[in-house]
Amino acid sequence: MDHDIYFGYQRPRPTEYVQFANFDSRQLNLYLAGRIANNPPTKEVTESIGYMDGIIDFSDILGRRIFDNRTIEYQFKALNINYHDRKLLEQKCKRLLLIPMRQPIYDSHDLPFYWFGKASSVTANDDHVNNVLEITVQFNVSPYALRKGQFDDIWDNFSLETGYAQFTKYSVKGTKKISLYNDSDLKSRLKVICQNDMTINGKYKYTKNYQDNPNFRLEPGINDLTVNGNGDIEFQWESEVML
């Protein structure tokens, strides 16, 4: 039986999808039936002292809330598929999902953001009455969603809803003042690509072979930079956003 023919009509291809390593739910004709993305739990550090009301909360000692990893769950369904193929599909999903280590997880619902983690559980439910295989996958991921790349006059991958239009490549002759907007909820590590020696804000030095200075971070919001040097310079960073 043609698996693309379902009760007499042409079954549409899946549009919502999850991609992780070599697992792509679209290529496996898995329909995304549900997703559960709870908020990450806060790391609580508290102390209860005798003869004192309440507790002392040290959770905000760094000036922000600290979160633990979160669990994201997806429910997939393979429709109108015989028992033999259901068994093979179950085995293939487990191999594709459980073997890879931590890496990006792309969910069409959250693009252009992605999650970073690994599959922690793959559960199969075989519905032999309706010839349906249900696959439930749980991922253990970092608390914040990530986004690579910034707008640089390339509109193909730019999101008007979540993106911030700005240039990230400049030509410097002597001294140039540059403003960068970081839409991340956390400080972002900055990668500076340059062919000649450059100095940012008078103290952070970058060269062709030294593009990551661990002492410099982009603050959330507007960052005013003073760049000294000669040549082209490009800024790259990842945004970490609470979704």
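Please refer to the structure placed before this passage.
To start, this report covers the structure provided alongside it. If you're wondering where the values come from, they're calculated on a predicted model, not measured in any experiment.

1. Digging into the overall build of the chain
Tallying secondary structure elements over the chain gives one helix and 19 strands in all. Evaluated residue by residue, the chain yields a buried proportion of 38% over its 243 residues. Long-range pairs, those at least 24 residues apart, make up 69% of the contacts in the chain with a sequence separation of at least 6. With an accessible surface of roughly 14600 Å², the chain has 49% of that area assigned to carbon and sulfur atoms.

2. Some words on the sheet that holds strand β9 (residues 103-107)
Across the sheet, which stays open at both edges, the seven strands sit in the order β4-β3-β9-β10-β11-β8-β5 with antiparallel pairing between neighbours. In the strand order of this sheet, the two ends are held by β4 (23-24) and β5 (31-37), each with one partner. Sheet contacts for helix α1 (residues 83-98): β3 (18-20), β4, β8 (70-78), β10 (115-127) and β11 (132-141); angle to β10, the most-contacted strand, approximately 165 degrees.

3. Re the packing of aromatic side chains
For the structure shown, the criterion picks out seven aromatic pairs. Here F20 and F139 contribute two aromatic rings whose centre-to-centre distance is 5.3 Å and whose plane-to-plane angle is 70 degrees, an arrangement assigned as edge-to-face. Highlighted residues: F20 in strand β3 and F139 in strand β11, separated in sequence by 119 residues. Through a chain of ring-to-ring contacts, the aromatic side chains of F20, F23, Y74, F76 and F139 assemble into a single cluster. When the ring centre of Y17 is taken as origin, the NZ or CZ atom of R26, which lies over that ring, is 3.6 Å away.

4. Things to note about the side chain of T199
Residue placement: T199 occurs in strand β15 (residues 198-200). Taking the relative accessible area as the measure of exposure, T199 reaches 18% and is therefore buried. Contact partners of T199, with chain neighbours within four places excluded, come to Y204, K205, T226, V227 and N228.

5. Section: the side chain of S188
With respect to the secondary-structure elements, S188 resides in strand β14 (residues 188-194). Setting aside residues up to four positions removed in sequence, S188 forms contacts with N182, R217, L218, W237 and E238.

6. Notes on the environment of V241
If you trace the backbone, V241 turns up in strand β19 (residues 238-241). As a C-alpha pair, V241 and F113 span 128 residues in sequence and 8.4 Å in three-dimensional space. Dropping the residues within four chain positions of it, V241 is found in contact with F113, Y144, A145, D183, S184 and D185.

7. Overview of the pairing of β8
Two elements, β5 and β8, share six bridges in a ladder whose sense is antiparallel. Residue pairing in the sheet places R35 in a bridge with Y74 of β8. The pairing of β8 with β11 spans nine bridges and is antiparallel. When the sheet's bridge partners are listed, Q75 is paired in β11 with T136.

Rules of the game
- Residues numbered from 1 in each chain as written.
- Predicted model: local features only at pLDDT ≥ 70, side-chain atom pairs only at ≥ 80, totals over all residues.
- Heavy atoms only, no water.
- Helix = DSSP H or I, 4+ residues; strand = E, 2+ residues; numbered from the N terminus.
- Buried < 20%, exposed > 50% of the residue type's maximum accessible area, 1.4 Å probe, protein only.
- Contact = heavy atoms within 4.5 Å.
- Areas by Shrake-Rupley, 256 points an atom, 1.4 Å probe, with all protein chains shown as cover.
- Pairing = 2+ DSSP bridges.
- Axes fitted to C-alpha atoms, helices over the stretch in contact; angles between N-to-C directions.
- Phe/Tyr/Trp six-rings, centres within 6.5 Å; stacked < 30°, edge-to-face > 60°.
- Lys NZ or Arg CZ within 6 Å of the ring centre and 35° of its normal.

Spatial relationships are all this shows, so hold off on functional conclusions.
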